[in-house]
Structures are given as C-alpha cells and as structure tokens.
Amino acid sequence: MPRAKQTMDGNTAAAHVAYAYTDVAAIYPITPSSPMADSVDQWSAAGQKNIFGNQVKVVEMESEAGAAGAVHGSLGAGAVTTTFTASQGLLLMIPNMYKIAAEQLPCVFDVSARTVATQSLNIFGDHSDVMACRQTGFAMLVESSVQEVMDLSPVAHLAAIEGKVPFLNFFDGFRTSHEYQKIEKWDYADLKEMCNMEAVEEFRKKALNPENPKMRGSHENGDVFFQHREACNSVYNALPAVVEKYMAKINAKLGTNYDLFNYYGAADADRVIVAMGSICDVADEVIDYLNARGEKVGIIKVRLYRPWVSSALLKVLPKTAKKVAVLDRTKEPGSLGEPLYLDVAATLREAGKNDVILTGGTAQQLQEVDDTGMGQDVIRPGSGKQLLVLGEELCAQDACTGGRQAELFFQKTGQQRGVQVELLRSRQAQLDADGIALRRVGHLRDMLFELNDLVSLFAVLFHRGAFQCVVLVQHCGSLSRVGDLVAGPGNAVGLHLHGGHPGDDDAGRHDGVECRFPLCKVRGFRLGLDIHALA
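Computed from a prediction, not measured in an experiment: that's the story for all the values here.

(A) How the structure looks around the overall build of the protein chain. Looking only at helices and strands, the protein chain features 18 helices and 21 strands. Counting every position in the protein chain, which comprises 535 residues, the buried fraction comes to 55%. Taking all contacts inside the protein chain whose residues are at least 6 apart in sequence as the whole, residues at least 24 apart take part in 75%. Carbon and sulfur atoms provide 52% of the accessible area of the protein chain, an area that totals close to 22400 Å².

(B) Quick peek at helix H2 (residues 34-45). A rise of 1.5 Å per residue sets the reference length of H2, with its twelve residues, at 16 Å; its end C-alpha atoms lie 17 Å apart and thus fit the reference within 8%. Listed in full, the buried residues belonging to H2 are Met 36, Ala 37, Ser 39, Val 40 and Ser 44. Each buried residue of H2 lies within a common arc of 160° when the element is viewed along its axis, so the set occupies one face. Packing partners of the buried residues in H2 comprise helix H1 (10-20), strand E2 (24-27), strand E3 (57-60), strand E4 (81-85), strand E5 (107-113) and strand E7 (167-172). Among the residues trailing H2, Gly 47 stands out with phi positive, at a value near 85°.

(C) Layout of the nonpolar core. By size, the foremost hydrophobic cluster in this structure holds 103 residues, and its most contacted members are Phe 109, Phe 167, Leu 168 and Val 344. Looking at this core, the element that brings in the most residues is helix H7 (residues 146-163), giving ten residues. Leave out the neighbours within four places in its chain, and Phe 167 touches Cys 107, Val 108, Phe 109, Phe 138, Ala 139, Leu 141, Ala 156, Ala 159, Ala 160, Leu 239, Val 243 and Leu 304. Within the second largest apolar cluster, twelve residues are counted, among which are Ile 273, Ala 275, Ile 287 and Tyr 289.

(D) View of unusual backbone geometry. For the bond running from Thr 31 to Pro 32, omega is 0°, close enough to zero to count as cis. Within the secondary structure, Pro 32 sits in the loop between E2 and H2. A cis geometry characterises the amide bond from Arg 306 onward to Pro 307, with omega recorded as 0°. Here Pro 307 shows up in the loop between strand E12 (304-306) and helix H13 (310-316). The phi angle at Lys 164 is positive, at roughly 65°, despite the residue not being glycine. Topologically, Lys 164 is positioned in the loop between H7 and E7. With phi around 65°, Phe 174 is a residue other than glycine that occupies positive phi space. Summarising the element assignment, Phe 174 is placed in the loop between E7 and strand E8 (180-184).

(E) Region of interest: the sheet that holds E7. Strand order in the open sheet made by the seven strands is E3-E2-E4-E5-E7-E6-E12, with mixed pairing throughout. In this open sheet, the two strands that pair with only one neighbour each are E3 and E12. Averaged over all pairs of adjacent strands, the angle between their axes in this sheet comes to 20°, without regard to strand direction. Alignment of E2 against E3, held across four bridges, turns out to be parallel. Across the sheet, residue Ala 25 finds its bridge partner in E3, namely Val 58.

(F) Representation of the packing of aromatic side chains. Following the criterion strictly, the structure yields five aromatic pairs and no others. Consider the rings of Tyr 305 and Trp 308, whose centres lie 6.0 Å apart with planes at 80°: the pair is edge-to-face. The residues Tyr 305 and Trp 308 share a single accessibility class, namely buried. An aromatic cluster of at least three residues, connected via ring pairs, comprises Phe 261, Tyr 305 and Trp 308.

(G) Representation of the confidence of the model for the protein chain in the model. Scored by pLDDT, the protein chain comes out at a mean of 76, with 67% of its residues at no less than 70. Every residue in residues 361-372 scores below 50 in pLDDT, and together they form 51 contacts with partners more than four places removed in sequence or on other chains. Segment residues 464-470: pLDDT under 50, and 25 contacts once partners within four positions in sequence are set aside and those in other chains are kept.

(H) Fine view of the sheet that holds strand E14 (residues 357-359). Read across the sheet, five strands follow the order E9-E11-E10-E13-E14 without closing on themselves; strand pairing throughout is mixed. The open sheet has two edge strands with one neighbour each: strand E9 (261-265) and E14. Put simply, the sheet's adjacent strands are angled 20° from each other on average, direction ignored. With three bridges joining them, strand E13 (residues 323-326) and E14 adopt parallel strand pairing. Bridging from a neighbouring strand, Ala 325 pairs with Thr 359 of E14.

(I) Broad picture of the layout of surface pockets. In this model, the second largest pocket occupies a volume close to 890 Å³. Around the second largest pocket, the lining comprises 26 residues; the ones closest to its centre are Lys 99, Ala 102, Glu 103, Gln 104 and Gly 217. Secondary structure elements with two or more residues in the lining of the second largest pocket: helix H5 (94-102), helix H9 (197-205) and helix H10 (222-230). In terms of residue count, H5 provides more of the lining of the second largest pocket than any other element does, four residues in total. Across the lining of the second largest pocket, the residue classes tally to 13 nonpolar, five polar and eight charged.

(J) Seen up close, the pairing of strand E10 (residues 271-275). By the criterion of burial, E10 is predominantly enclosed, with five of the five residues buried. With burial as the criterion, each face of E10 is covered, one bearing Arg 271, Ile 273 and Ala 275 and the other bearing Val 272 and Val 274. Of the strand pairs in this sheet, E10 and strand E11 (residues 297-302) are connected by five bridges, and their pairing is parallel. The residue bridging Ala 275 from the neighbouring strand is Lys 301, located in E11. For the crossover that starts at E10, traverses helix H12 (residues 279-291) and ends in the parallel E11, the hand is right-handed. Sheet analysis places E10 next to E13, joined by four bridges and oriented parallel. Among the inter-strand pairings, Val 272 is bridged to a residue of E13, identified as Val 324.

(K) Local environment of the packing of H1 against H2. H2 packs onto H1 with a crossing angle of 45° between their chain directions and a minimal axis gap of 8 Å. Classed by the angle they form, the pair H1 and H2 counts as oblique. The crossing of H1 and H2 is right-handed. Only Pro 35, Met 36, Ser 39, Val 40, Trp 43 and Ser 44 of H2 make contact with H1, whose side of the interface consists of Asn 11, Thr 12, Ala 14, Ala 15, His 16 and Tyr 19. Partitioned by chemical class, the residues of the contact of H1 with H2 number seven nonpolar, five polar and no charged.

Parameters at a glance
Residues numbered from 1 in each chain as written. Predicted model: local features only at pLDDT ≥ 70, side-chain atom pairs only at ≥ 80, totals over all residues. Heavy atoms only, no water. Helix = DSSP H or I, 4+ residues; strand = E, 2+ residues; numbered from the N terminus. Buried < 20%, exposed > 50% of the residue type's maximum accessible area, 1.4 Å probe, protein only. Contact = heavy atoms within 4.5 Å. Areas by Shrake-Rupley, 256 points an atom, 1.4 Å probe, with all protein chains shown as cover. Expected span 1.5 Å × (residues − 1). Arc of directions from axis to C-beta. Core = buried A, V, L, I, M, F, W, Y, C linked by side-chain atoms within 4.5 Å. Pairing = 2+ DSSP bridges. Axes fitted to C-alpha atoms, helices over the stretch in contact; angles between N-to-C directions. Phe/Tyr/Trp six-rings, centres within 6.5 Å; stacked < 30°, edge-to-face > 60°. pLDDT = per-residue confidence, 0-100. 1 Å grid on protein atoms, 1.4 Å probe; cavity = no way out; pocket = protein on both sides within 12 Å on 5 of 7 lines; lining within 4 Å. Points joined across faces, edges and corners; volume = space filled by probe spheres on them. Nonpolar A, V, L, I, M, F, W, Y, C, P; charged D, E, K, R; others polar. Right-handed = clockwise from strand over helix to strand, strands pointing away. Parallel < 35°, antiparallel > 145°, perpendicular 65-115°, else oblique. Left-handed = near helix turned anticlockwise from the far one by under 90°.

Here you go:
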C-alpha cells in the first residue's frame, strides 16, 4: 500500500519499526540514542499497539549493563525484545551480547553509532563502538540515511526472528540519528504481513518454563566446548540468504534495489570506494559529478557487515576496477589495518585479485583517506573527490607505503573548495558558534515541519557540533530546485528557494515566481511562514 510521508529523524524512524516488532524494550538513555527509547516509551504510554496487538512493555534499568541483562532475561522468557544504545553504553552490553548470540535468541540492538571516548570525550558519530562488537556473534546491518533506516530496519527484526541470530542495527550518530527528513514510513499492516509468525511462535515455545524445564548456561570443559562453539557455523552460513529474502520483500513493496552490497557509479569504473554509513550519500554526489566529466568511478555500499559475504562483494565489484579505497570510520591502533579494510583485503586476495591496488586502513594514512570522519569530522565533497582522484596518484605498491603518498597528495591538493561549491546541489547556511544558532534550533525544527507540510517541498535539518544546524530545501521532483537558509537584517531568518544551480540565470526564481520570504525572528516565539509565493 502507498506509504504516508512524515518528517522525522533517524532515531524516530528506527523506533517506529522497532515498536512494531517488540514485546519488551529494556532501556537506558545515552546520547545520541536516547530519543529512540523515549519515543517507544511515549507510544507505549499512549496505548499504541504493536503488530502482535500489544502495548510494548518498557523497562528502564539503572545502567546499560542492566538493560542488556534485562534483554537477555526477557528473551529467555519468550518475549521479542529490543534495546537502544551507543558508545560506552554499547560496550557495557558486550558480555550479555556474547550470551544472547550463542543462545541464538532473536533481538535487535538499535545503535546510533557514536565515538568511544579515548584521549577525550566525543559524543558524535563514528563506528568505534559497533566495531568493538564484531566478535560477539551479532549480525550487523547498517543504513546510510533516514529513509534507509525506515526501509531497512525491518530486515534486522525479521531476519533475527527467522534466522535465530540477534542483530545490531546501526546508523551514524547525529549525522543520521538527528537528521530530520521528510520520508515515507511503513504502515504496520505491511510490517505484519512480512513477519514470519510461525518463527515467532517457535521462539516463544522455547521460553523457560518450570513445567517444561531446559538447561541453559551450563559449564563445559575443553573436550566439548570447541565442538559446541563451532556448531553455530551453519546458522551464520544460512543467515545471508534470510537477509536477502527480506530485502527482496522490501524491494518488491517499495521498488528499491537493496542488497547485501549495493554498487553505484560507472559500470566500467576503474576506481571504487568501499564504505558504509552516511558518507555514502556524499560519495554518490561526488561520483555523479566526476562521471559527468568523463571519469570512471563508483562506490560499493555495505549493507550487511556481519556475517561478511565475500561472494556478494565480488558480485558487485566492477571487473574493470584497478584501484579500491576502503573507508573505515574507526581507529584500531597497532593493527595492520582497520576492520572494513581487512575484510576487503582478505576478500580480494582469496579471490585471486592480486592486481587490484588496495588503499585505506593503514595507521599511517591521513584521516580523510583512512578513518573517514572520526568523531563526526565532516566529509565534504571536495574530500570525496580527492579520494577518487587519489587512485591516479598512488603507485602500485602495498597500502603501507601508499599511505604516505596519500598524505603528500592531500597536502598538495588541499580541500578543493571550488569543487565543493560547484558540486553541492544545495548551499549550506552554517551559523556561527556564538550562541545565536543554539537559540534558533527550536525555531528551525518547527520551521522544518511547516515546510514539509507543503506537499511540493522536502526539507532537511541536521546538527553540526553543539551550535550549528543546517536546513536544506528542494522542490519535489527536481533535484535542481534548492534553497538557502539566510540571515537578514535584525537577526531575521529567511529561506531563499533557487530555480537552479548557483550561477544559473534563473537562480532565485521558482517556476517564474520569486521565492524569498521571511521565516522567523531569532527571539520570537511564533514561526511566521509566508507561503503565498508557493501557491
């Protein structure tokens, strides 16, 4: 059925899907995942029903470790359970994650991936927390945008139930979790239709019951532990097919093409990026820009990170690829390379693709090549262009030496700001960190909802740091219809819609109609929106 459009952020999108498939939510707040738990708690208090016809039982514990223990106990009692966390909170859950995965209990941890504190605290987005969970046995599914969070989160819940493997469903903290977009949301009837109710009942029948006792959590010595640990391999070998099954169901409903790995770019690309998370959207823009100018570049977007399926990656990698840059968003000091890089390296070498030059993932490399946007360092299109041009500058050497060449190349080229200005389809209004922007955040959010009530408009809001926020508006049906948030005299904030790219003759006009209008006053409490020009 057609899906309704609604303005929401990534956290709300994940919570919307999680509520549908959850009996119990064991929660403890931690930035930037707290809004997911808060939304579920509010919906439950309001009497909203999930697809099983029940209100979700929400239990707030006294720490993330307690929340993970409650998840484990709830699953043992036969309740489909979910939790929401990030960063150090996720790390506190790791001991229970090992047990949950080994006992093949279906649950989902929705994670707005956030930096783990190291030399200092950083509450913004990278993948250092989720990468610490690779060994737990949780499957790992990743999304790149708010719409993808809505579209793909059901895969985590449905595959966990049928595949008997818990999922860590993650997306970039703040950059996706707190970005507001006007998206299409799932109707619970569609979510229920896709759910394997027989698998749900099978799980519930295995609940601990004094009338039907079972032994769990026993002690094993070395004579049998090894064999029992290896016995789980068949479940993980079968899981990718289950994920593909539910992705196919979603594709059939939405007309999308989600897969374990998705390729975007030239069919005969000679340079390819491998990445996951919000950088993929920036890379798409860069790829369009470069391919339109005769380059041959592309990106492989990772959807299912664990279990890693080498054959699926090789399936989408262009046979013409000569150079591959792997973009991790974490740091693993002392390692040969970061996690995603090592996975890709092993895949290429085992496939005999020794002629492909692989870069990224070495400790010596510059941040923009290696640890892509750690601590939510912004990845700009100019940097993305350098990543793709980089392949032409690297010699056919091992990545360890290529890293130093990459560093020199970046120092030589700089940020290429001209590329950024020309490339962006919407110009950003970055407010100075002087406190004014902080007072405007509430106004901007309200403004966003009002703008999105106009059927022809799509607006986006996301946060950059503690004080900055950006609003982008584009006309429905035409990616070239873009807008600016502008600051006028007397601290007035206005929106300026453009009929084309900056520099076009019709810039500042919208289908022949001037579209500059005031939105609000910084210190005002009412949002004034003059929409007569859009009639």
